[in-house]
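Residues per chain, in single letters:
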Amino acid sequence: MGEMTGFQLGVIGALFLSVASSVSIVICNKALMSNLGFPFATTLTSWHLMVTYCTLHVAHRFNFFENKPIDMKTVILFGMLNGVSIGFLNLSLGFNSIGFYQMTKLAIIPFTVLLETIFLNKQFSRKIKFSLFLLLVGVGIASVTDLQLNFVGTVLSLLAIVTTCVGQILTNTIQKKLNVSSTQLLYQSAPFQAAILFVSGPLVDKFLTRQNVFAYKYSPIVLGFIILSCLIAVSVNFSTFLVIGKTSPVTYQVLGHLKTCLVLAFGYTLLHDPFTSRNIVGISIAILGMVLYSYFCTNENKKKQIVDLSAVSQVKEKESAGLLNKVGQEKEGIEVKKSAKDSLV
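All values derive from a computational prediction rather than experimental measurement.

Looking only at helices and strands, one finds ten helices and zero strands in the protein. Mapped in sequence order, the helices and strands of the protein form the string α-α-α-α-α-α-α-α-α-α. Residues counted as buried form 41% of the 345 residues belonging to the protein. Considering only residue pairs separated by 6 or more positions, the protein has 88% of its internal contacts joining residues 24 or more positions apart. Here the protein displays about 19700 Å² of accessible surface, and carbon together with sulfur accounts for 69% of that area.

Put into structure tokens, the structure is as follows:
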């Protein structure tokens, strides 16, 4: 019971850290890109991952966590896949309207559910599916405004969806199958993610913005915001792996849409962004979907725990019954031997 309480507290802590750090980095990056005119998102992400790796390396040196060797081929492919998915998401944003990009992000949940059902035999109840449907409708109403389709943008969006879903499913699967922590997996995969983005980032950003990241004039305030963004990113990357490892890729995506709603609300409150009745209706429906998802997941987990506990108790009862039978048989054998001995006497 104590272990379950500790696990639940760990999950709540991971969820809170993920929401707080993600909302913080969105606000920081919005100020950096919109207000200060630094448009190099992909290159900035490579710096985020390099700082994350360096931070974890220092933590490892000070024995804050123990490194566990993982098959190098697995780590390289996993790191490259995650790096490529970030690149595709940024290219998707560059080639599509903001509305279509939001639809791309919304499509990640149903596609993840589909992949987990087909390849991992994971079952999702109708209640869970209904709550996810409500969530997606709500976020769609709140955030999707214009939908402009083009062939290249659509292909890039499909590639972004596939690589993101597979990457997040692997984040969960690798941690559970290889029995490694989120910190250990992030520590070993971050250099490969950073490397692929460090090489491709400036090219992607130049293609999308028509500007060169190396020719940009860095003012002290821009450098300050870049450093702040990189420091927050350590928490974002750590909490991402932690949440996916402790829960599931679908739960992480649900959490991501909660962040979207919070960002919209913070944008209206702090930055005075336009906020309509449509936003309010959409956020309300999305929050209802999140509450229902959380409620249904909690109930299903409780039922699963009860079934698991009953199965364990049945096994223990069988073992104890077998042990008692064995002891009884041994006693009977001793008594038979004793009576035989007495009759001989």
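In this section: the pattern of salt bridges. Scanning the entire structure with this criterion turns up one salt bridge. Note that lysine 122 and glutamate 116 form a salt bridge whose closest N and O atoms lie 3.9 Å from each other. Using a relative accessible area of 30% as the deciding quantity, one classes lysine 122 as partly exposed.

Here we come to the side chain of serine 239. Of note, serine 239 is situated in helix α8 (residues 220-246). In this structure the side chain of serine 239 is engaged in a polar contact, spanning 3.0 Å, whose partner is the backbone oxygen of valine 236. Beyond its immediate sequence surroundings of up to four residues, serine 239 is in contact with Ala14, Leu17, Ser18 and Ser21.

Next up on the list: unusual backbone geometry. You will see that asparagine 63, though not glycine, has its phi angle at about 60 degrees, which is positive. Following the sequence through the fold, asparagine 63 ends up in the loop between α2 (41-61) and α3 (72-95). Overall, asparagine 63 belongs to the exposed group, its relative accessible area being 67%.

The next point concerns the packing of α2 against α8. At a closest axis distance of 8 Å, the pairing of α2 and α8 adopts a crossing angle of 65 degrees. When the axes of α2 and α8 are compared, the crossing they make is right-handed. For the pair α2 and α8, contact is made by Leu44, Trp47, His48, Leu49, Val51, Thr52 and Thr55 and by Ile226, Ser229, Cys230, Ala233, Val234 and Asn237, respectively. Along the lines of polarity and charge, the residues of the contact of α2 with α8 split into eight nonpolar, five polar and no charged.

On the surface, Leu114, Ile118, Phe119 and Leu120 cluster together into a nonpolar patch covering about 420 Å² of accessible area. Among the structural elements, phenylalanine 119 can be located in helix α4 (residues 98-119). Given a relative accessible area of 61%, phenylalanine 119 falls into the exposed group.

Glancing now at the environment of phenylalanine 124. Topologically, phenylalanine 124 is positioned in the loop between α4 and α5 (126-143). Considered as a pair, phenylalanine 124 and leucine 114 are ten residues apart in the sequence and their alpha carbons are 9.8 Å apart.

So, on to the packing of aromatic side chains. By the definition in use, this model includes eleven aromatic pairs. With 6.2 Å between their ring centres and 35 degrees between their planes, phenylalanine 38 and tryptophan 47 make a pair best called tilted. Each ring, one from phenylalanine 40 and one from tyrosine 216, has its centre 5.7 Å from the other, and the planes form 85 degrees; the classification is edge-to-face. Of this pair, phenylalanine 40 sits in the loop between α1 (2-35) and α2 while tyrosine 216 sits in the loop between α7 (182-209) and α8; the two residues are 176 residues apart in sequence, bridging distant segments of the chain. With relative accessibility at 16%, the residue tyrosine 216 sits in the buried group. Pairwise contacts between aromatic rings join Phe38, Phe40, Trp47, Tyr216 and Tyr218 into one cluster. Above the face of the phenylalanine 207 ring, arginine 210 is positioned so that its terminal group lies 5.6 Å from the ring centre.

One broad trend across soluble globular proteins is that nonpolar side chains are buried collectively. Counting residues in hydrophobic clusters, the biggest one holds 20 residues, and the most contacted among them are Ile128, Leu132, Leu135, Val250, Val254 and Tyr293. Contributing elements (two or more residues each) for this core: α4, α5, α9 (249-270) and α10 (277-344). Contact partners of valine 250, with chain neighbours within four places excluded, come to Thr112, Val113, Glu116, Phe124, Leu132 and Tyr293. Residues Val180, Leu185, Tyr187 and Ala190 belong to the second largest nonpolar core, which totals 13 residues.

Attention shifts here to the state of the cysteines. The tally for this structure, following the rule as stated, stands at zero disulfides. A disulfide-free cysteine, cysteine 230 has its sulfur positioned 9.0 Å from the sulfur of cysteine 28, the nearest such atom. Overall, the relative accessible area of 6% leaves cysteine 230 in the buried class.

Turning next to the packing of α3 against α7. Put simply, α3 and α7 touch, their axes get as near as 8 Å, and they point 30 degrees apart. Viewed along their axes, α3 and α7 adopt a mutual orientation that is roughly parallel. α7 is crossed by α3, and the crossing has right-handed handedness. In terms of residue class, the contact of α3 with α7 is built from 16 nonpolar, nine polar and no charged.

The subject of this paragraph is the environment of lysine 206. Structurally, the position occupied by lysine 206 is in helix α7. C-alpha of lysine 206 to C-alpha of phenylalanine 40: the two residues are 166 residues apart in sequence and 8.1 Å apart in space.

Below, the discussion takes up the confidence of the model for the protein. Low-confidence regions, as indicated by low pLDDT, have predicted coordinates that should not be scrutinised in detail. Averaged over all residues, the pLDDT of the protein is 86; the fraction at 70 or higher stands at 85%. Here α10 is the element of the protein with the lowest mean pLDDT, 71, and α2 is the one with the highest, 95.

The rules behind each value
Residues numbered from 1 in each chain as written. Predicted model: local features only at pLDDT ≥ 70, side-chain atom pairs only at ≥ 80, totals over all residues. Heavy atoms only, no water. Helix = DSSP H or I, 4+ residues; strand = E, 2+ residues; numbered from the N terminus. Buried < 20%, exposed > 50% of the residue type's maximum accessible area, 1.4 Å probe, protein only. Contact = heavy atoms within 4.5 Å. Areas by Shrake-Rupley, 256 points an atom, 1.4 Å probe, with all protein chains shown as cover. Salt bridge = Lys/Arg side-chain N within 4 Å of Asp/Glu carboxyl O. Polar contact = N/O pair within 3.5 Å; in protein donor to acceptor, adjacent residues only side chain to side chain. Axes fitted to C-alpha atoms, helices over the stretch in contact; angles between N-to-C directions. Left-handed = near helix turned anticlockwise from the far one by under 90°. Nonpolar A, V, L, I, M, F, W, Y, C, P; charged D, E, K, R; others polar. Patch = residues over 30% accessible without salt bridge, like charges linked within 9 Å, V, L, I, M, F, W, Y side chains within 5 Å. Phe/Tyr/Trp six-rings, centres within 6.5 Å; stacked < 30°, edge-to-face > 60°. Lys NZ or Arg CZ within 6 Å of the ring centre and 35° of its normal. Core = buried A, V, L, I, M, F, W, Y, C linked by side-chain atoms within 4.5 Å. Disulfide = S-S within 2.5 Å. Parallel < 35°, antiparallel > 145°, perpendicular 65-115°, else oblique. pLDDT = per-residue confidence, 0-100.

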